[in-house]
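Observations on chain architecture
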Amino acid sequence: MASDRPESVVIDIHGLTKRFGNKTVVDDVSLDVRRGEIVGFLGPNGSGKTTTIRMICGLLRPDGGNGTCLGMDILRDADRIKRQVGYMTQRFSLYEDLTIRENLDFVARIYDLSDRAATVNRTLERLGLYERRDQLAGSLSGGWKQRLALAASVMHQPKLLLLDEPTAGVDPQARREFWDEIHDLASDGLTVLVSTHYMDEAERCHRIIYIAYGKIVARGTVAEVIESSGLSTIVVSGSDVGVIAKAVREKPGVEQAAPFGNDLHVVGPDPAALKQAVDSALAEAGSDAVAEPGETSLEDVFIRLMQTAQAADRSANGKAS
Amino acid sequence: MSAGFSLSRIVALMVKEFIQMRRDRLTFAMIIGIPIIQLVLFGYAINLDPKRLPTLMVAAESGPATRTIVAAMEASGYFSIAPGLASEAQANEALIDGSASYVITLPPGFERDLVRGTRPQLLVEADATDPAATSNALGALPQILSSALARELTGPLATQERLPPAVDLVIQRRYNPEGITAYNIVPGLLGTILTMTTILMTALALTREIERGTMENLMAMPATPLEIMIGKIVPYIGFGLVQVAVILVCAQILFHVPMMGSFAVLLGVTFLFIGCNVTLGYTFSTIARNQMQAMQMTFFWFLPSILLSGFMFPFRGMPDWAQVIGSALPITHYIRSVRGIMLKGSGPTDLVNEVWPLIAFWLAVGTLALFRYRRTLD
């Protein structure tokens with residue numbers, strides 16, 4: 001990181017920690033995001049994604065750690081950071097009893113934007129909201145609400161966009177369009193930190209950071225994360241994969257066995273042990289299903305990471321008490 | 001059986017309600033607190049027969065008869081007579097600014113005329129803006145005077161004790177000569193309606209944002225606490241002024257309440273009073289966690305505002321501690337101001353004692369609100 005020019009680092013935080021009562025929700029998180037990057041922030045529910053994002057944009061005060069956001073101190077300059085950051089909350093948080101245009105007008109006024117009417121109109125057209133501008137926000141479907149929220153968070157031309165599970169509850173086509181839009185914005189130089197549950201969305205990020213139980217457990221490009229997990233996968237195809245799944249789970253060297261329709265993905269750390277386990281399970285079941293080496297998916301890696309983190313968290317708590 | 005009526009389902013609902021009630025500490029405190037406060041206020045603070053009302057004596061000279069009258073009036077408990085004699089101008093001012101409820105005027109030569117038996121006049125001027133507060137004392141006055149003078153006029157003067165009485169008692173009910181209660185009720189209603197509506201509206205200001213989830217977005221945007229407070233309360237000041245206009249027009253058309261003072265002064269005081277209320281409401285919304293709690297706090301404030309402000313029950317009839325609480329409420333000063341302006345024609349100088357508490361209150365709750373405002377979601 002030292003080789004990076006300082007102006008190209010948009011988020012640079014070290015040892016960020018947040019406790020609620022005696023529960024440490026974010027534990028010693030360090031992360032860096034460079035200009036124009038789209039970074040995916042992944043992790044199970046309650047892993048601390050939202051809390052971390054809220055600390056970066058000044059909505060929560062960290063209990064430990066420090067860092068800068070757009071070159072400004074996250075502890076002291078929260079008010080200045082807010083002017084240059086766009087934040088899209090997990091839950092729709094614009095006014096449902098205002099129309100689309102009224103909401104955007106409100107936001108434009110709060111940011112003190114010059115030439116307000118033109119800016120609002122441009123934003124409405126850019127995000128395809130112009131036709132619906134006089135519709136109440138409360139009457140919009142999930143996809144349109146999300147589009148409005150995105151419009152509101154980019155209208156003041158922020159340098160950094162923080163998106164907290166922006167596509168939860170949105171249909172696939174709207175998600176696809178949303179991500180196209182995010183890539184458009186990023187190509188114009190906007191930096192994006194986006195939290196998500198969806199694997200396909202993680203794959204659309206330049207880089208991903210995986211957080212579990214408040215700690216970062218993996219980071220890098222999708223390929224790097226899969227590679228570094230050291231997992232290999234065998235795909236079993238046949239009509240009786242449900243039965244084989246039960247048998248193979250008990251075998252040594254098998255970590256996961258998940259049926260996908262007529263396919264069964266069997267995942268383990270050691271390729272030789274894995275092959276042996278699958279073969280013996282097929283023999284026991286008397287099955288004529290076909291086993292072939294397959295690609296390890298991001299999802300398989302994440303489930304592994306989550307389980308390891310869970311075990312580590314339990315043993316840490318066990319020692320503490 | 002289970003489809004029709006299930007005791008277990010009812011128990012399930014009851015248990016859930018109890019758990020929720022217990023979690024909501026403020027509601028629980030209200031359940032205990034409101035009856036206690038009502039009992040104390042109604043039981044101890046409210047007195048429909050106010051005693052020791054401040055009285056000034058205006059007389060050219062003092063004499064034995066004057067002293068007897070003063071002593072008897074004090075002894076009756078209704079009047080608290082300021083020591084010494086006041087000038088006519090001082091007495092008039094005291095009636096207007098409300099520091100005196102009665103002025104007793106003895107004409108020059110009162111003592112002499114009394115001895116001579118020429119039935120001198122004894123003028124009693126009462127502040128009748130609140131007829132209920134003054135009527136009992138006035139009713140008791142003839143009896144007090146005649147028994148006092150009976151004791152005084154003994155020996156050679158005993159012949160004076162006869163009918164008609166020794167003095168010619170003249171009672172003037174000032175500002176509201178016919179004792180029309182509407183004249184008192186309208187300023188009081190103005191105060192209570194504004195208290196109820198404007199506090200409630202602004203008390204919901206932030207809690208509504210929190211409940212609808214819009215607060216997080218508002219906080220993430222660059223608006224300062226002061227900007228948010230001003231933006232949230234100013235619309236409701238306008239709302240309150242519209243209500244005032246409606247009430248005043250009705251007061252004029254339906255009750256013919258006079259308007260002795262200036263509208264500009266009334267508007268000024270009303271602006272201050274509404275400012276106090278909306279800022280207080282906003283302060284409630286920085287403390288309450290949800291709209292329900294904000295509403296409860298409003299009602300909690302409303303209770304003493306009605307009972308201790310001098311609106312429903314005479315202020316001077318209350319014990320000292322209740323008067324202290326009453327004096328801390330903006331509505332008390334507002335009702336006095338409106339009565340003064342509408343019925344007595346009070347101007348700005350007469351209202352100084354009512355205006356500064358309003359300003360002080362406004363500043364205090366405004367500061368508290370900014371202090372209480374949570375800038376983060378912590």
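If you're wondering where the values come from, they're calculated on a predicted model, not measured in any experiment.

**Description of the overall build of chain A**
Along chain A, the regular secondary structure elements total 11 helices and 14 strands. Expressed as lengths along the three principal axes of its C-alpha atoms, the size of chain A is roughly 75 × 45 × 40 Å. With 321 residues in all, chain A has 40% of them scored as buried. Pairs at least 24 residues apart make up 70% of the contacts formed inside chain A by residues separated by at least 6 positions.

**Description of the sheet that holds strand E3 (residues 38–42) of chain A**
By way of backbone hydrogen bonds, the strands of a sheet pair with one another, either parallel or antiparallel. Residues and elements named next belong to chain A. Read across the sheet, 6 strands follow the order E6-E7-E8-E3-E9-E10 without closing on themselves; strand pairing throughout is mixed. One side of each edge strand has no neighbouring strand; the edge strands of this open sheet are strand E6 (85–88) and strand E10 (215–220). Pairs of neighbouring strands in the sheet enclose a mean axial angle of 15 degrees, with direction left out of account. Across 5 bridges, the pairing between E3 and strand E8 (residues 191–196) is parallel.

**Quick word on the domain arrangement of chain A**
All names here are of chain A. One can read the domain layout of chain A as domain 1 (6–226) and domain 2 (228–320). Listed per partner, the contact involves 16 residues of domain 1 and 11 residues of domain 2. Those elements that place two or more of their residues in the side of domain 1 that touches domain 2 are helix H7 (199–202), strand E9 (207–212), E10 and helix H8 (222–229). For the side of domain 1 that touches domain 2, the class distribution of residues is 12 nonpolar, 1 polar and 3 charged.

**Brief notes about unusual backbone geometry**
Here the phi dihedral of Tyr213 of chain A falls at roughly 50 degrees; this positive angle occurs in a residue that is not glycine. Along the chain, the position of Tyr213 of chain A falls in the loop between E9 and E10. We classify Tyr213 of chain A as buried; it has 22 C-beta atoms within 10 Å. Even without being glycine, Arg119 of chain B reaches a positive phi, approximately 50 degrees. Note that Arg119 of chain B resides in the loop between helix H5 (110–116) and strand E4 (121–127).

**A closer look at the UniProt feature "domain: ABC transporter" (unreviewed entry) in chain A**
When the UniProt feature table is mapped onto this chain, "domain: ABC transporter" (unreviewed entry) is found at residues 11–238 of chain A. Helix makes up 34% of residues 11–238 of chain A and strand 30%, whereas the separation of the span's terminal C-alpha atoms amounts to 48 Å.

**Brief notes about the sheet that holds strand E5 (residues 72–73) of chain A**
Residues and elements named next belong to chain A. The strand order across the open sheet built from 4 strands is E2-E1-E4-E5, with neighbouring strands paired in antiparallel fashion. Of all strands in the sheet, those bounded by a partner on one side alone are strand E2 (23–34) and E5. Strand direction decides the pairing type here: strand E4 (residues 64–69) and E5, joined by 2 bridges, are antiparallel. If you follow Thr68 over to E5, its bridge partner there is Asp73. Against the sheet, helix H1 (residues 49–56) contacts strand E1 (9–20), E2 and E4, and its axis sits at roughly 120 degrees relative to E1.

**What to know about helix H2 (residues 25–45) of chain B**
All names here are of chain B. A rise of 1.5 Å per residue sets the reference length of H2, with its 21 residues, at 30 Å; its end C-alpha atoms lie 28 Å apart and thus fit the reference within 8%. Of all the bends found along H2, the most pronounced is centred on Gly33 and spans about 30 degrees, while Pro35, a proline, follows it within four residues. The element H2 is barely covered by neighbouring structure, given that only 0 of its 21 residues are classed as buried.

**With respect to the interface of chain B and chain A**
Counting residues at the interface gives 12 residues for chain B, matched by 17 residues for chain A. For the side of chain B that touches chain A, the residue count by class is 6 nonpolar, 4 polar and 2 charged.

**Some details on the nonpolar core**
Among the nonpolar cores identified, the biggest contains 89 residues, and Leu162, Tyr210, Val266 and Val278 of chain A are the most heavily contacted of them. Residue assignment places this core across two domains, with domain 1 (6–226) and domain 2 (228–320) of chain A each supplying three or more. If you look at the next biggest cluster of nonpolar residues, it comprises 84 residues, including Ala65, Phe110, Ala148 and Leu200 of chain B.

**What to know about helix H3 (residues 64–76) of chain B**
Every α-helix carries 3.6 residues per turn, so stepping three or four residues along brings you back to the same face. Residue and element names in this part refer to chain B. Here H3 contains 13 residues, and its C-alpha end-to-end distance of 18 Å stays within 8% of the 18 Å for a straight helix at 1.5 Å per residue. All of the buried residues along H3 are Ala65, Thr66, Ile69 and Met73. An end-on view of H3 places all buried positions within 105 degrees of arc, on one side of the element. Those residues of H3 that are exposed and angled more than 90 degrees off the buried face are Pro64, Arg67 and Ala75. Just past H3, the residue Gly77 takes up positive phi, approximately 85 degrees.

What counts, and at which threshold
Residues numbered from 1 in each chain as written. Chains lettered and ligands numbered in written order. Predicted model: local features only at pLDDT ≥ 70, side-chain atom pairs only at ≥ 80, totals over all residues. Helix = DSSP H or I, 4+ residues; strand = E, 2+ residues; numbered from the N terminus. Buried ≥ 20, exposed ≤ 12 C-beta atoms within 10 Å, placed from the backbone. Contact = placed C-beta atoms within 7 Å. Pairing = 2+ DSSP bridges. Axes fitted to C-alpha atoms, helices over the stretch in contact; angles between N-to-C directions. Domains from an automatic or database assignment. Nonpolar A, V, L, I, M, F, W, Y, C, P; charged D, E, K, R; others polar. UniProt positions renumbered as here; feature names shortened; annotations may be inferred. Expected span 1.5 Å × (residues − 1). Bend = angle between axes of the 7 residues up to and from the residue. Core = buried A, V, L, I, M, F, W, Y, C linked by C-beta atoms within 7 Å. Arc of directions from axis to C-beta.

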